[in-house]
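Secondary and tertiary structure notes
What follows is the residue order along each chain.
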Amino acid sequence: MKIIEYQEKYRDDMIFMVLEAKNALGRIPRLNEDLLDIHAHYFLRGDKFWLAINDDDRVIGCVGYNGYDSDTAKLHRLYVKYNLKRQGIGSELLKTAERHMKAVGYKYSVVHLGGKEYFESKQFYPKHGYSEYGELMRKEL
């Protein structure tokens, strides 16, 4: 596995992976608008988005962030291919995003976990140092 900065050639494969991941959680798969144009929603704003790619050049995970306020970045779209969870892919994606956020000057990372359907996220983020912060979870970078 390797983690790379988003490239447009992986767009459809990434979207398929995200929809599969949502379906595996029993959610009605719907597409988040930002995934249709990563360049506009992340890169043009000065933010980043990464993909985890397997040896067959297929997308097996993704994560991005946007600036939230002057010292905080907000994580978005941390997904791992449904049949590859608990193999460290999500942790590596998270570490990549956190290292970059810290390097560009953010002091905190936040994530919104949504409702009860995000039960995996509510277990994952605290293991990586996140704690409740209002409606969000936050970590000092």
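In the block above lies the structure referred to throughout.
For clarity, every value in this text was computed on a predicted model and none was experimentally measured.

For the rest of this paragraph, the subject is the nonpolar core. Note that soluble globular proteins tend to have their nonpolar side chains buried in a common cluster. Counting residues in hydrophobic clusters, the biggest one holds 20 residues, and the most contacted among them are Leu75 and Tyr125. Every element with two or more residues in this core is listed here: strand S2 (48-53), strand S3 (59-69), strand S4 (72-80) and helix H3 (89-103). In terms of residue count, the dominant contributor to this core is H3 (five residues). When residues no more than four places from it in sequence are discounted, the contact partners of Tyr125 are Leu75, Leu78, Leu94, Val111, Leu113, Tyr130 and Met137. Of all hydrophobic cores here, the second largest spans 17 residues; its members include Met17, Ala21, Leu35 and Val59.

Attention now moves to the side chain of Asn32. Locating Asn32 in the fold gives a position in the loop between helix H1 (11-24) and helix H2 (38-41). Exposure remark for Asn32: the relative accessible area of 8% places this residue in the buried category. Within the structure, the side chain of Asn32 is placed 2.7 Å from the side chain of Lys22, a separation counted as a polar contact. Those residues in contact with Asn32 that lie beyond four places of it in its chain are Lys22, Arg77 and Tyr79.

Within the chain, Asp57 stands out as a residue other than glycine whose phi angle is a positive 65°. Considering the arrangement of structural elements, one finds Asp57 in the loop between S2 and S3. Take Asp57: its relative accessible area is 35%, and that puts it in the partly exposed class.

Here we take up the sheet that holds strand S6 (residues 131-133). The strand order across the open sheet built from seven strands is S1-S2-S3-S4-S5-S7-S6, with neighbouring strands paired in mixed fashion. Every interior strand has two partners, whereas the edge strands, strand S1 (2-5) and S6, have only one. Taking the axes of each pair of neighbouring strands and ignoring which way they run, one obtains an average angle of 30° across the sheet. The pairing of S1 with S2 spans four bridges and is classified as antiparallel. Looking at the pairing, Ile3 lines up with Ala52 of S2. H1 rests against S2, S3 and S4 of the sheet, and its axis sits at about 90° to S3. Running over the sheet, H3 touches S1, S2, S3, S4, strand S5 (108-112) and strand S7 (136-140) and is turned about 160° from S4.

This part is about the environment of Leu136. Its location among the elements puts Leu136 in strand S7. By relative accessible area, which is 10% here, Leu136 ends up buried. Between the alpha carbons of Leu136 and Lys74 there is a distance of 9.5 Å; along the sequence they are 62 residues apart. With residues near it in sequence (within four places) discarded, Leu136 still touches Tyr68, Lys74, Val110, Val111, His112 and Ser131.

About the cut-offs
Residues numbered from 1 in each chain as written. Predicted model: local features only at pLDDT ≥ 70, side-chain atom pairs only at ≥ 80, totals over all residues. Heavy atoms only, no water. Core = buried A, V, L, I, M, F, W, Y, C linked by side-chain atoms within 4.5 Å. Buried < 20%, exposed > 50% of the residue type's maximum accessible area, 1.4 Å probe, protein only. Helix = DSSP H or I, 4+ residues; strand = E, 2+ residues; numbered from the N terminus. Contact = heavy atoms within 4.5 Å. Polar contact = N/O pair within 3.5 Å; in protein donor to acceptor, adjacent residues only side chain to side chain. Pairing = 2+ DSSP bridges. Axes fitted to C-alpha atoms, helices over the stretch in contact; angles between N-to-C directions.

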